[in-house]
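A look at the structure
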Amino acid sequence: MSSPFCPDCGADAVAFAVPDAVADYAGAPTMAICTRCLRTHEVDDAPIDSDFSRVVETSPDGDAGAALAVALGKLGSLALNRTDIVALCEFAEREGADVLLTLDRLAASGAVDPHFDIDRRRPQLQQFLGSS
C-alpha cells in the first residue's frame, strides 16, 4: 500500500496512530499529516507509517510526534482550538518533544507550506505554553 495523500493540497501524508492519551483531541484513531501544508485528516485504510521525519527531518517520533502532528493540524484556528493545542503540546513535551524547536525547524526547512503562519503562531504558542 502507498502512503495517503492530502485531500487539501495533494501532497504525500504520513499516517499515524493517535495515542490513547490524546484521542479526545483527534478526529479518529488513525490520522495523517500532510508533508506540505501540515493539515491533518482522518484515514481509515492507510498503512501506519509514523515516519514524521518525512515532514521535517528532526521531527519527534512516537507518541510525541503523533500528538504534535495533531496539534499542527489545529494551528490554523488558534482561537477555536487553544485548549486542544495546549493539551497536545504539553503531552508532546512530556513525551520528550521540543515543540517550539520543531516549529523553528519547520519554518527554516523551506520544505513546507503550512496552512498557518508559523512566525505568527510560534510566539502565541510559546505564551500559552508558558502560562499553562
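Look a little higher up for the structure.
**Topic: the overall build of the chain**
Tallying secondary structure elements over the chain gives four helices and three strands in all. Taken over C-alpha atoms, the radius of gyration comes to 13 Å for the chain, in line with the 14 Å a tight globule of 132 residues would show. Considered along the principal axes of its C-alpha atoms, the chain spans approximately 45 × 30 × 25 Å. Relative to its full complement of 132 residues, the chain shows a buried share of 48%. The contacts in the chain between residues at least 6 apart in sequence include a share of 59% that link residues at least 24 apart.

**What to know about the side chain of H41**
Tracing the chain through its elements places H41 in strand β3 (residues 40–42). Judged by relative accessible area, which is 13%, H41 ranks as buried.

**Notes on the nonpolar core**
Judged by nonpolar contacts, the single largest core of 39 residues is most densely connected at F16, I33, L72, L103, L106 and L125. Contributions of two or more residues to this core are made by β1 (13–17), β2 (30–34), α1 (62–74), α2 (78–94), α3 (99–109) and α4 (118–131). A total of eight residues in this core trace back to one element, the largest contributor, which is α1. Formed by five residues, the second largest nonpolar core is a distinct cluster that contains A13, A32, V43 and A46.

**A few points about the sheet that holds β2**
Strand order in the open sheet made by the three strands is β1-β2-β3, with antiparallel pairing throughout. The open sheet terminates on both sides in strands that have one partner only, identified here as β1 and β3. Shown here is a sheet whose adjacent strand axes are inclined to one another by a mean of 30°, direction ignored. Two elements, β1 and β2, share five bridges in a ladder whose sense is antiparallel. Bridge pairing links A13 to C34 in β2.

**A closer look at α3**
Where α3 is concerned, the buried positions are V99, L100, T102, L103 and L106. The arc that holds the buried residues of α3, viewed along the axis, is 160°, so those residues lie on one side. Looking one or two places after α3, you find G110, whose phi comes out positive at around 70°.

**Points about the packing of α1 against α2**
In contact at an axis separation of 9 Å, α1 and α2 are set at 170° when each is read in the N-to-C sense. One way to sum up the angle between α1 and α2 is to call them roughly antiparallel. As for the relative orientation of α1 and α2, their crossing is left-handed in sense. Together, D63, A64, A67, L68, V70, A71 and K74 of α1 and L78, N81, D84, I85, L88, C89, F91 and A92 of α2 make up the contact between the two elements.

Parameters at a glance
- Think of each chain on its own: its residues are numbered from 1, step by step along the sequence as written.
- Local features in a predicted model are, by the rule used here, given only for residues with pLDDT of at least 70; side-chain atom pairs are given and counted only at 80 or more, and totals for whole chains, interfaces and linings are based on all residues.
- Hydrogens and waters are ignored; side-chain quantities use all the structure's heavy atoms.
- Here a helix means four or more residues in a row that DSSP labels H or I, a strand means two or more in a row labelled E, and each is numbered from the N terminus.
- As a reference, a globule follows 2.2 Å times the number of residues to the power 0.38, and the radius of gyration itself is taken over C-alpha atoms.
- Only protein chains enter the accessibility calculation, which uses a 1.4 Å probe; a residue whose area is less than 20% of its type maximum is buried, one above 50% is exposed, and one in between is partly exposed.
- Note on contacts: a residue pair is in contact if any heavy atoms of the two residues lie within 4.5 Å.
- Within this scheme, the nonpolar core is defined by two criteria: the residues are buried Ala, Val, Leu, Ile, Met, Phe, Trp, Tyr or Cys, and they are joined through side-chain atoms within 4.5 Å.
- Strands were regarded as paired on the criterion that DSSP finds at least two bridges between them.
- For helices, the fitted axis covers only the stretch in contact; all axes are lines through C-alpha atoms, and the angles between them, taken along N-to-C directions, range from 0 to 180 degrees.
- Here, the arc refers to the directions that run from the helix axis to the C-beta atoms.
- These descriptions rest on fixed angle ranges, namely under 35 degrees for roughly parallel, over 145 for roughly antiparallel, 65 to 115 for roughly perpendicular, and the rest for oblique.
- Definitions for this section: a left-handed crossing has its near helix turned counterclockwise from the far helix by less than a right angle. A right-handed crossing has that turn clockwise.

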